[in-house]
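Architecture at a glance
Listed below are the residues making up each chain.
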Amino acid sequence: MHQKTIKIPLIAILIGLAVSLSAQDKQGNIVEYFGKEKVEEIHEGKTIHVFQEGLLLSQRSSRFSSSSVPKSAVFAKFLLEDLEAVTEGQSFGNGATDSPMIWKKISTGEKNEFQDNGLRSGYLYLEYQSKKAQNVLFEASGHTMALINGLPHEGDHYDFGYNLILIRLKKGKNIFVLQGGRFARMRARILASEKPINFTKRDMTLPDVLMEENDNLLGAIRVMNINQSWFTGGSITCQMGEKSMKTDLPSVSPMNVRKVPFQIPVSVNPDEKQVTYNLLLKDKHGKTLATTSFNLNVKSKYKHHKNTFISDIDGSVQYYSVAPSSNKDTENQSLFLSVHGASVEAVNQANAYQQKDWGHLVAPTNRRPFGFAWEDWGRLDALEVLDHAEKLFKTDPQHTYLTGHSMGGHGAWYLGATYPDRWAAIAPCAGYPDLLGYRDSFSKRIKTMDDEGLKRFGMTREQLDKMLSANVLTDPSDILLDSMIRRAGNPSRTLKLKRNYLHYGVYIFHGEKDTVVPTFIAREMREIFGKFHNDFAYYEYPNGSHWFGNHSVDWPPIFDFFKFRSIKPSNEIGKIEFYTASPGVSATSHFVSILQQEKPFEISSFNFERDSISTITTDNVVTLSIDLEKMENASKSMKIDGQDITFEEGITKLVLANSNGTWEKTEAPTLMEKGPHRNGGFKDAFRNNMVFVYATKGSKEENDWYYNRALFDAEKFWYRANGNVELVKDTDFVPAEYPDRNVIIYGNSDNNAAWKLLLNPSPLQVSKGKLTLGEKTLLGNNLGAYFIFPRTDSNTASIGVVTATGPEGMKAAFANNYLVNGTFFPDVMIFNEQVLMEGLAGIDCSGFFGNDWSAENGDFVWRE
């Protein structure tokens, strides 16, 4: 893959877009550069309306805000004031610079797209008069979120043209409010579906056919259910010539588009470059409802190719790309995990590397080309692919290496710090260590601009000062709540874990003149490393920008650096320093594990030194585990924080608990307590093949809202994570039918029948008009909450809860930025409707349950 650097406007930097662009001489949509052409053609039905007139509300981008709780003031007006229309010239208050925000008329131009710089972080208001109530497809692109007749839906952040939202139009006026993001353009149209149950080929996940293999393969396609009723008992038949395979489909809820796995039969003719398959979508009676076809590339397993697998996160089909070793069919080789930059497909990441003769290079997807910056579900994807590839290629675990470029350079810094005993060496290329630090670097740079520089961004010094001063907290409750909320983000604060880099060698590689991820970031890391690390290399490519060819990643000195480094056997490890912010994210280095913390999500650490009597010093650790067998310990004693601990010969594992500064031998905590298997933070609920259970026992308003709210999360997890989520009615939910799966509850104890099945032991209870946490009770219909609690019928699964005490509280909980990286969510967040307008000022309580999942032993901050 030949690539060149194109100058990126600074606006791209502000939104975290570290993009390297290919040599295709194209302009416009960033996804075009790496093989994801925007969908333009319609195959799902006919167009019944193209929006050509609308109203635009411009506002200053939130990129200047570093708030822990974002505001949604514009959507708040539609949600809380039940606005039925807005008009040209209408004011929506003042923006970040105190200038009035006025709706102005806007019309489409070329390609029926609305184009205006104000669409970046602005809002587009559209109306459609329908002659009848009808089910349709809403297809829009370039927006981040939509409110459609007062209900939230996922946007098309990256302008892929993938998104199809199934909606029921009302007879009469229908209102669409689209929130802008990174693009100065949007498109919106309404489609009538050809069929009530249908395929859409937008966003298929497909493997390559390997000519040396005959095993069945996995793919995924989206199925649209354009009905008010469930589609159950369906199947997909995949045919190639005389071979076929049937896959039973999971249920698809009403007005939903679900991406589902299917099996692909294989029979290879080595002379073929492509194989054509037919897909048949059938109902429970075997009647064919829809058909389509697709092609798979035929490749050699000894050349670049991609594999698919079923993810344990959500049961979806994911892929990863491989540049296999040129040394064929040899086991125990090295493995190189290469993580891509923003907008880059994994297949192109692997294609940038020439094959090596001593190891396999594997490129995971981060769940999407943008994904999660290798944090959250991007982190889990990297670990799944690493485990899958190690087993497939039977690699040597002592020779596993990590590298990545741009956002993937951040991934190398982050994954390297988080799982330090997995790597023999790492090589971040054009990377930034901390995502928030990278974002904040813009504010630091813009402060130093002269007035002419600020004018390029359409602002004065006074306006800049107002925007930046809005981030300064003065209220004592705000300060304490902000600190507690941000604590949940500590697992991503890479520099707080920097001494984990002592586990291995580090090669820092950067272009001398990089302006996308500015070179000063790499130089800062060089300065930091110079103060404590004795095995790192630093190189700036002369005159190199952000991308200067495939050697921006496939840099021979990096692989020479790797070749001379390996992970030591456990019995040869004399010293370990290990830091973590959550045992649920990272608990172990080699043979010592932090099982529980004293202060949740603060940094915990241990320092191990091997001697005739080995020593361990700890900080913020309540429970510690030592694998004496793996450590190959010959002594019958150790020192823990200066205290002598003796144990009998033959003991293979030692568990210690710290009680008031005294360490005692103990049993491992029960699996009903917090630990590496289940440690909280609300985001942690969205894994373990989670299922969304929505309320149906409330009023019509509540039932409609909570179904759509679950659907909104499913839409977002598909778009951001290539996900596959099952929705279930509360009255149909039977816990035994979903063993060890996480459950997300939408509703409260009065309107969701599953609450009493799962959440009676919870110290946080929510009902109509009332919320109780421990001994504290709040009253009113305006309260909302997000929280996590363990399933007591499972040793591993958790329950996430999106809940409210009434209609105002429901709407306060409309946002789902917990499904985005770079956001902070402790075990519990309680808020009121003012959170939409005021952000942090609308938070009533935040914090963490205790290690026993109780409120009384927890750590909470309440607004005074």
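So, here is what we can say about the structure in this document. Predicted model only: the values in this text are computed from it and were never measured.

Take the pairing of strand S37 (residues 653-659) next. Pairing of strand S34 (residues 623-627) with S37, which is carried by 5 bridges, proceeds in the antiparallel orientation. Its bridge partner being in S37, Leu624 is matched across the sheet by Leu656. Joining the antiparallel neighbours S37 and strand S38 (residues 662-665) is a turn of 2 residues, in which Asn660 adopts a positive phi near 55°.

This brings us to the packing of aromatic side chains. Taken as a whole, this structure holds 65 aromatic pairs when the rule is applied. Consider the rings of Phe509 and Trp555, whose centres lie 5.0 Å apart with planes at 10°: the pair is stacked. Placement of the pair is Phe509 in strand S27 (residues 505-511) and Trp555 in the loop between strand S28 (536-541) and helix H11 (556-563), with a sequence separation of 46 residues. Note on Phe509: relative accessible area 1%, which makes it buried. The class for Trp555 is buried, based on a relative accessible area of 14%. For the pair Phe682 and Tyr786, a centre-to-centre distance of 5.5 Å together with 20° between the ring planes defines the contact as stacked. Highlighted residues: Phe682 in the loop between S38 and strand S39 (691-694) and Tyr786 in strand S45 (residues 783-790), separated in sequence by 104 residues. Judged by relative accessible area, which is 1%, Phe682 ranks as buried. Tyr786 sits in the buried class, given a relative accessible area of 5%.

Now for the sheet that holds strand S29 (residues 575-580). Here we have 5 strands laid out as an open sheet, ordered S29-S32-S33-S35-S36, and mixed in their pairing. Of all the strands in the sheet, the pair left with one neighbour each is S29 and strand S36 (643-646). In this sheet, neighbouring strand axes are inclined to one another by 20° on average, regardless of whether the strands run parallel or antiparallel. With 2 bridges connecting them, strand S33 (residues 615-619) and strand S35 (residues 637-640) associate as parallel partners. Residue pairing in the sheet places Thr615 in a bridge with Lys639 of S35.

Moving on, we come to helix H10 (residues 519-530). In this model, H10 (12 residues) spans 17 Å end to end at C-alpha, consistent with the 16 Å of a helix rising 1.5 Å per residue. What H10 keeps buried is the set Thr519, Ile521, Ala522, Met525 and Phe529. Buried residues along H10 cover an arc of 160° about the axis, so they all sit on one side. Across H10 from its buried face, at more than 90 degrees, point the exposed residues Glu527 and Gly530. The inward-facing, buried residues of H10 abut helix H5 (407-418), helix H6 (435-447), S27 and S28.

This paragraph deals with the nonpolar core. Side chains of nonpolar character tend, in soluble globular proteins, to be buried together. Ranked by size, the top nonpolar core spans 99 residues in total, and within it Phe686, Phe692, Ile745, Leu773 and Ile830 carry the most contacts. A total of 9 residues in this core trace back to one element, the largest contributor, which is helix H13 (residues 700-721). Not counting residues up to four positions away in its chain, the partners in contact with Phe692 are Phe686, Ala710, Asp713, Ala714, Val725, Glu726, Leu727, Val728, Ile744 and Tyr746. Counting residues in hydrophobic clusters, the runner-up holds 53 residues, among them Ala389, Met407, Trp413 and Val506.

This part covers the pattern of salt bridges. By the definition in use, this model includes 40 salt bridges. The salt bridge involving Lys811 is made with Glu701; its shortest N-O contact spans 4.0 Å. Note that Lys811 is positioned in helix H15 (residues 807-812) and Glu701 in helix H13, a separation of 110 residues in sequence. Given a relative accessible area of 14%, Lys811 falls into the buried group. Using a relative accessible area of 41% as the deciding quantity, one classes Glu701 as partly exposed. Put simply, Glu40, Glu44, Glu139, Arg187, Arg189 and Arg202 are held in one network by salt bridges that share partners.

Conventions used here
- Residue numbers restart at each chain and count upward from 1, following the sequence in its written direction.
- Owing to the predicted nature of the model, reporting of local features is limited to residues with pLDDT of at least 70; listing and counting of side-chain atom pairs is limited to 80 or more, with chain, interface and lining totals taken over all residues.
- Hydrogens are left out, water is left out, and the side-chain values use all remaining heavy atoms of the structure.
- If DSSP finds at least two bridges between two strands, the strands pair.
- Each helix is a run of H or I in the DSSP string that is no shorter than four residues. Each strand is a run of E no shorter than two, and both are numbered from the N terminus.
- For Phe, Tyr and Trp, rings pair up if their centres lie within 6.5 Å, where Trp contributes its six-membered ring, and each pair is then called stacked (planes under 30 degrees apart), edge-to-face (over 60) or tilted (otherwise).
- Each residue is placed in one exposure class: buried if its accessible area under a 1.4 Å probe, protein chains only, is under 20% of its type's maximum, exposed if it is over 50%, and partly exposed if it falls in between.
- Between the N-to-C directions of two axes lies an angle of 0 to 180 degrees, each axis being a line fitted to C-alpha atoms and, for a helix, fitted only over the stretch in contact.
- Expected helix span is taken as 1.5 Å per residue step, with the number of steps being one fewer than the number of residues.
- The arc refers to the directions leading from the helix axis to the C-beta atoms.
- The contact criterion used throughout is that any non-hydrogen atoms of two residues lie within 4.5 Å.
- Among buried residues, the Ala, Val, Leu, Ile, Met, Phe, Trp, Tyr and Cys ones that are joined through side-chain atoms within 4.5 Å form a nonpolar core.
- Criterion for a salt bridge: a side-chain nitrogen of Lys or Arg within 4 Å of a carboxyl oxygen of Asp or Glu.

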